[in-house]
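So you can see what is in the structure, the chains are spelled out below.
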Amino acid sequence: MRILLDSFTKTFGDVTVIKDMNLDIKSGEMLALLGPSGCGKSTTLFAICGIHGMDGGRLLFGDKDVTSLPSQKRNVGVVFQNYALYPHMNVWENIAFPLKIQKRSKAVIEKEVQAMAELVQIEELLDRKPVQLSGGQQQRVALARALVRKPDILLLDEPLANLDAKLRLEMRSEIRRIQQQTGITAVLVTHDQVEAMSMCDRIAIMNGGKIVQLSAPEEMYRNPSSDFVAGFLGNPP
Ligand code: ADP
Ligand code: MG
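Residues numbered from 1 in each chain as written. Chains lettered and ligands numbered in written order. Predicted model: local features only at pLDDT ≥ 70, side-chain atom pairs only at ≥ 80, totals over all residues.

Per an unreviewed UniProt entry, the recorded name for the protein is ABC transporter ATP-binding protein, and the organism is Parendozoicomonas callyspongiae.

Okay, here's the thing in structure tokens:
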């Protein structure tokens, strides 16, 4: 689904951290919000999922204005670095949980959990508790749990930050595969330019609460719009 932020403004106390941001996320694309620590990436993601209210502007999911809808009433899937699995539930129960909240039938839940387990390739782990999983497996389960409700948008905030280098590489391509296979619209927040380049259709580079350039990865390398963008991207991988 197309997601539109129109003139989004966010303040904390008397500090404006995002001012008049416009962002048009195309249906089915994976877009990176890339930039240095503190530039406002997570704040933007939190506004889309509704964890934070907005102090100005509008947010549309398709044609629907969700600006003042609370988080529970938005159909979003989130995978955050610190948004842990429920430790007392096994993998099956973790994935089923969003559907139980929606009071879906047992048959539907069985079917959808199975489909998600196949999608993220953890069918043999359904009986395990989260502590019995590797970091990469935990992120697969988190993705399944986020996607099981068929959200309008998948929001990923530094989902690879806690993984070791080898798993990070593996999960880069796995997250991209899952996104493409489901065709879901997704936003990836990262401070890692290689991650953004290798996983996303388009990259929005942020600095100081603003989007300073928004383009496809190759275009950004060829035509950085400023010294900041050129410096931040460094050399092509
Ligand atoms: P990023 O995710 O790009 O590292 P954030 O969106 O988390 O950056 O933060 C953007 C700015 O807003 C930072 O200066 C941060 O200190 C500030 N900020 C974020 N959350 C809060 C909050 N709850 N209260 C006050 N300031 C905040
Ligand atoms: Mg952040």
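### Concerning the sheet that holds strand β4 (residues 56–61)
Taken in spatial order, the four strands line up as β2-β1-β4-β5 in an open sheet, and their pairing is antiparallel. The open sheet terminates on both sides in strands that have one partner only, identified here as β2 (15–25) and β5 (64–65). Both strand β1 (residues 3–12) and β4 contribute to a ladder of five bridges, which runs antiparallel. In the strand pairing of β4, L5 is matched with L59. (Pairing = 2+ DSSP bridges. Helix = DSSP H or I, 4+ residues; strand = E, 2+ residues; numbered from the N terminus.)

### Structural notes on the packing of helix α2 (residues 91–101) against helix α4 (residues 135–147)
Two numbers describe how α2 lies on α4: the axes approach to 7 Å, and their chain directions differ by 25°. Put simply, α2 runs roughly parallel to α4. Both α2 and α4 take part in a crossing whose hand is right-handed. Contacts from V91, N94, I95, F97 and P98 of α2 reach α4 at V141, A144 and R145. By residue class, the composition of the contact of α2 with α4 is six nonpolar, one polar and one charged. (Axes fitted to C-alpha atoms, helices over the stretch in contact; angles between N-to-C directions. Parallel < 35°, antiparallel > 145°, perpendicular 65-115°, else oblique. Left-handed = near helix turned anticlockwise from the far one by under 90°. Contact = placed C-beta atoms within 7 Å. Nonpolar A, V, L, I, M, F, W, Y, C, P; charged D, E, K, R; others polar.)

### Structural notes on the site of ligand 1
As a matter of local geometry, ligand 1 sits amid F12, V17, G35, S37, G38, C39, G40, K41, S42 and T43. In the shell around ligand 1, the residues fall into three nonpolar, six polar and one charged. (Near = placed C-beta within 6 Å.)

### Topic: the nonpolar core
Nonpolar side chains in soluble globular proteins tend to end up buried together. Within the largest apolar cluster, 67 residues are counted, with the highest numbers of intra-cluster contacts made by I95, A144, V187 and L188. For this core, the leading source of residues is α4, giving six residues. Sequence-distant contacts of I95, defined by excluding residues within four places in its chain, comprise V113, M116, A117, V141, A144, R145 and V148. (Core = buried A, V, L, I, M, F, W, Y, C linked by C-beta atoms within 7 Å. Buried ≥ 20, exposed ≤ 12 C-beta atoms within 10 Å, placed from the backbone.)

### Some words on the confidence of the model for the protein
Of all residues in the protein, 98% attain a pLDDT of 70 or more, and the chain-wide mean is 94. When pLDDT is averaged over each helix and strand of the protein, the minimum, 90, is found for helix α8 (residues 227–233) and the maximum, 98, for strand β3 (residues 30–34). Here the complex is predicted with pTM 0.94, and the ipTM for its interfaces comes to 0.97. (pLDDT = per-residue confidence, 0-100.)

### Digging into the pairing of β3
Within β3, five of the five residues are buried, which leaves the element mostly enclosed by the surrounding structure. Burial along β3 is two-sided: M30, A32 and L34 facing one way and L31 and L33 facing the other are all buried. The pairing of β3 with strand β8 (residues 186–190) spans five bridges and is classified as parallel. Its bridge partner being in β8, L34 is matched across the sheet by T190.

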